[in-house]
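# Commentary on secondary and tertiary structure
Read off the chains here:
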Amino acid sequence: MLRPLLCATLALVCSPTLRAADDPLPKGAKFRLGSDRFKINVNLMWHSGALTPDGKALVHPYQCDAIDLATGRGSKWLSTEPGRFTYLDEEPSFSADGTRAAAAIDRKYRVLDADRKELFAVDRAGGFDAVGILSADGTRFAQVDKGRAVVWDVATKKAGPEVKFGDVQFAQVGLSPDGKTLAVAGSLKFKPAVQLWDADTGKELALLKGPDGRAALPAFAPDGKTVAVGGSDEVWVLDAATGAGVKKIGVEKANKHLLQYTPDGKGLLVTAEHGGSEWVDAATGKVLHATRCPVPLKLRARGARFVGNDRAVAWGEDRSTAYAWEVPSGKPLTPVYGHSALVRGLAFAGKEIVTTGYDARTMRWDAATGEFLGTVEFRLARGDFGPYAVPGASGRVAFTERAVYDLTTGTAVAEWPATLRIDRNTPTYPSADGKRVAFLNPGGTVKLTVCDTGTGAVLRELTTPGDTVGAGKADAAISADGTRAVVSVCKRFDFGRPQSATVTTWDADGKKLFEDVVGGARGTPGAV
């Protein structure tokens, strides 16, 4: 039976050797397919994580740890109450010198000092567009929610006037280094627009047309004199006091861009949503460096942070895995190969190992060395929302809730009948030749459904005596050529002990070959 593994990595037991680039291996393992670093629960994402100010670690959104990029080891970034699950509601922000941080925790925005002691706190409304921003000098905090913003003085804990920009849809809000100016980019009456607001008076300083496309989060220059806003294929650099246009910079087209100035304000890093970056001269708009994302997966860039004026660290996420890389060198700082979500299945296919995962990908590895050979993205069939792929031992096919896929192309080759009810938790038993697969329905009366992977047709529905209602257990196996199947059904437990198991075997025509009751068995028949 194939079951989901507990992390997106596999270790093969063989001679006790280690490769320096790999994670520490279990005793007796030869190599690791992928990595177990920078993974979180399959149902969670890294969306509220962030790079630390020095660019050396990622703040884990659900453990509140700082995960070192070099080692993958965590250290406590924020102390939490023992036994209490504490998480970050959104990405934390930092002062330029890294001595202060603002984080959304337990329905409050909290500004913390270098020792993570609370300096300021205010209730978080919690709307879908709620965001908190700490000014670069660490003296002010902007609370943005539901089309309005309030800027607080961290020292006095006093709020400035409310800034209302409710007519701007899909608003992205930036705060100047001294916290005195707000920049709002979004859509106003279905047209791109940029607004500048005085945080001390609540008055609008400027309203102008913005660059076409989805607005990027506005980024202020370190001196606060200019602000950069981005669209789909260009970045505008504007005067922060008047909104007057200073320069338009053409960039690679993307749905969304992330903007970050160098500490000296001379350079501007423009990172596309897919992870590619362009480092441009802020004065001339000339592209100084172009960096490709080294991760061979489709990820979403989440942020970038400069470490000095000549180096930056960018990071992104794909499902439950985070990745980081250096700009402009493109050097990976975290493991880049391996599944980004739970591994669902593994098959030996000649000199290769084939794995599939909940990330809707199949990956190929050299069976002798563990070297990554390539990946294929599944093109899911219409209505197939669950890429729970399990390869047959032939390494040629994979299965999801709705269809059969060719592992070499990622395309659907057959669909299961609408009457076949299976989900991510359905026990699955493929034959070694990959031509047949059996699904076990252990709820109530136990039924084993045998299907043809070439056509998706149901070949046999085999019902066994007994049931697993209560604390019972069922298991199954299918022969290498798919012509025989065996099911073991454990009767209900009595005081934690199985009373008996019924073992049944069928041939390819559904004819019952054998049936017997074994007292005290645990219902694990093994391979046929």
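Every value quoted in this text rests on a predicted model; they were computed, and no experiment measured them.

### Topic: the overall build of the chain
Secondary structure summary: the chain contains zero helices and 47 strands in total. The long-range fraction of contacts in the chain, counting pairs at least 24 apart against all pairs at least 6 apart in sequence, stands at 40%. Surface exposure of the chain reaches about 24,400 Å², of which carbon and sulfur atoms provide 51%.

### Let's talk about unusual backbone geometry
That bond from Val327 to Pro328 is cis: its omega, 15°, falls within 30 degrees of zero. For Pro328, the position within the fold is in the loop between β30 (321-327) and β31 (343-349). Look at Phe38: it is not a glycine, yet its phi comes out positive at around 60°. On the secondary structure map, Phe38 appears in the loop between β2 (29-34) and β3 (50-51). Phi is positive for Arg116, which is not a glycine, with a value near 65°. With respect to the helices and strands, Arg116 occurs in the loop between β9 (108-112) and β10 (118-123).

### Looking at the nonpolar core
Leu269, Val295, Leu299, Tyr323, Trp325, Val327 and Trp365 are the most contacted members of the largest nonpolar core, which totals 20 residues. Contributing elements (two or more residues each) for this core: β2, β28 (300-306), β29 (312-318), β30 and β33 (361-366). Of all the elements, β30 adds the most residues to this core, at three residues. In this structure, Leu175, Val184, Trp197 and Ala199 belong to the second largest nonpolar core, which totals 16 residues.

### Examining the sheet that holds β10
Within a sheet, neighbouring strands are paired by backbone hydrogen bonds and run either parallel or antiparallel to one another. Spatially, the four strands line up as an open sheet ordered β7-β8-β9-β10, and their pairing is antiparallel. Looking along the sheet, the strands with just one partner apiece sit at the ends: β7 (93-94) and β10. Note: strand β8 (residues 101-105) against β9, five bridges, orientation antiparallel. Its bridge partner lying in β9, Ala101 is registered against Leu112.

### Quick notes on the sheet that holds strand β36 (residues 403-406)
Across the sheet, which stays open at both edges, the three strands sit in the order β35-β36-β37 with antiparallel pairing between neighbours. For this open sheet the edge positions go to β35 (397-399) and β37 (412-415), each flanked by a neighbour on one side alone. Geometrically, the sheet is characterised by an average inter-axis angle of 25° between neighbouring strands, direction not taken into account.

### Considering the side chain of Thr321
Inspection of the secondary structure assignment puts Thr321 in strand β30. Separated by 2.9 Å, the side chain of Thr321 and the backbone oxygen of Ser340 make a polar contact.

### Some details on the pattern of salt bridges
Applying the stated criterion across every chain yields a total of 16 salt bridges. Overlapping salt bridges, with partners in common, bring together Asp318, Arg319, Asp359, Arg361 and Glu377 in one network.

### Some words on the packing of aromatic side chains
In this structure the tally under the stated criterion is 10 aromatic pairs. Ring geometry for Tyr337 versus Phe372: centroids 4.6 Å apart, planes at 25°, classification stacked. With Tyr337 in the loop between β30 and β31 and Phe372 in strand β34 (residues 372-377), this pair connects stretches of sequence that are 35 residues apart. The exposure class of Tyr337 is partly exposed, given its relative accessible area of 42%. For Phe372, a relative accessible area of 18% corresponds to the buried category.

### Things to note about the environment of Arg460
Mapped onto the secondary structure, Arg460 falls in strand β41 (residues 458-467). Residues Arg460 and Asp509, 49 residues apart in the sequence, show an inter-C-alpha distance of 7.7 Å. Excluding residues within four positions of it along the chain, Arg460 makes contact with Leu448, Thr449, Val450, Ala508, Asp509 and Gly510.

### Concerning the pairing of strand β5 (residues 65-68)
Note: strand β4 (residues 57-59) against β5, three bridges, orientation antiparallel. Each residue of the ladder has a partner; that of Leu58, found in β5, is Ile67. Where β5 and strand β6 (residues 74-76) come together, three bridges link them in antiparallel fashion. Along β6, the bridge assignment pairs Ile67 with Gly74.

### Quick notes on the confidence of the model for the chain
This prediction gives the chain a mean pLDDT of 81; 84% of its residues lie at or above 70. A low-confidence stretch, residues 13-21 (pLDDT under 50), is modelled with 17 contacts involving residues beyond four sequence positions or located in other chains. Long-range and interchain partners of residues 521-528, a stretch whose pLDDT sits below 50, account for 20 contacts in this model, where long-range means more than four residues apart.

### Examining the environment of Arg214
The residue Arg214 is located in the loop between β19 (204-209) and β20 (219-220) in this model. When its relative accessible area of 43% is taken as the criterion, Arg214 is described as partly exposed. Once the C-alpha coordinates of Arg214 and Gln172 are considered, the two residues, 42 residues apart in sequence, prove to be 9.7 Å apart. Excluding anything up to four places from it in sequence, Arg214 contacts Gly230, Gly231, Asn255, Lys256, Glu273 and Arg300.

### Brief notes about the side chain of Ser135
Assignment of secondary structure puts Ser135 in the loop between β11 (131-134) and β12 (140-145). For Ser135, a relative accessible area of 0% puts it in the buried group. In this view, Ser135 contacts Phe94, Ser95, Arg140, Leu175, Ser176, Pro177, Asp178 and Gly179; residues no more than four positions away in its chain are not counted.

### Describing the pairing of strand β27 (residues 287-291)
For strand β26 (residues 277-281) and β27, the ladder comprises four bridges, and the chain directions are antiparallel. Looking at the pairing, Glu278 lines up with Ala290 of β27.

Reading the values: the criteria
- Residues numbered from 1 in each chain as written.
- Predicted model: local features only at pLDDT ≥ 70, side-chain atom pairs only at ≥ 80, totals over all residues.
- Heavy atoms only, no water.
- Helix = DSSP H or I, 4+ residues; strand = E, 2+ residues; numbered from the N terminus.
- Contact = heavy atoms within 4.5 Å.
- Areas by Shrake-Rupley, 256 points an atom, 1.4 Å probe, with all protein chains shown as cover.
- Core = buried A, V, L, I, M, F, W, Y, C linked by side-chain atoms within 4.5 Å.
- Buried < 20%, exposed > 50% of the residue type's maximum accessible area, 1.4 Å probe, protein only.
- Pairing = 2+ DSSP bridges.
- Axes fitted to C-alpha atoms, helices over the stretch in contact; angles between N-to-C directions.
- Polar contact = N/O pair within 3.5 Å; in protein donor to acceptor, adjacent residues only side chain to side chain.
- Salt bridge = Lys/Arg side-chain N within 4 Å of Asp/Glu carboxyl O.
- Phe/Tyr/Trp six-rings, centres within 6.5 Å; stacked < 30°, edge-to-face > 60°.
- pLDDT = per-residue confidence, 0-100.

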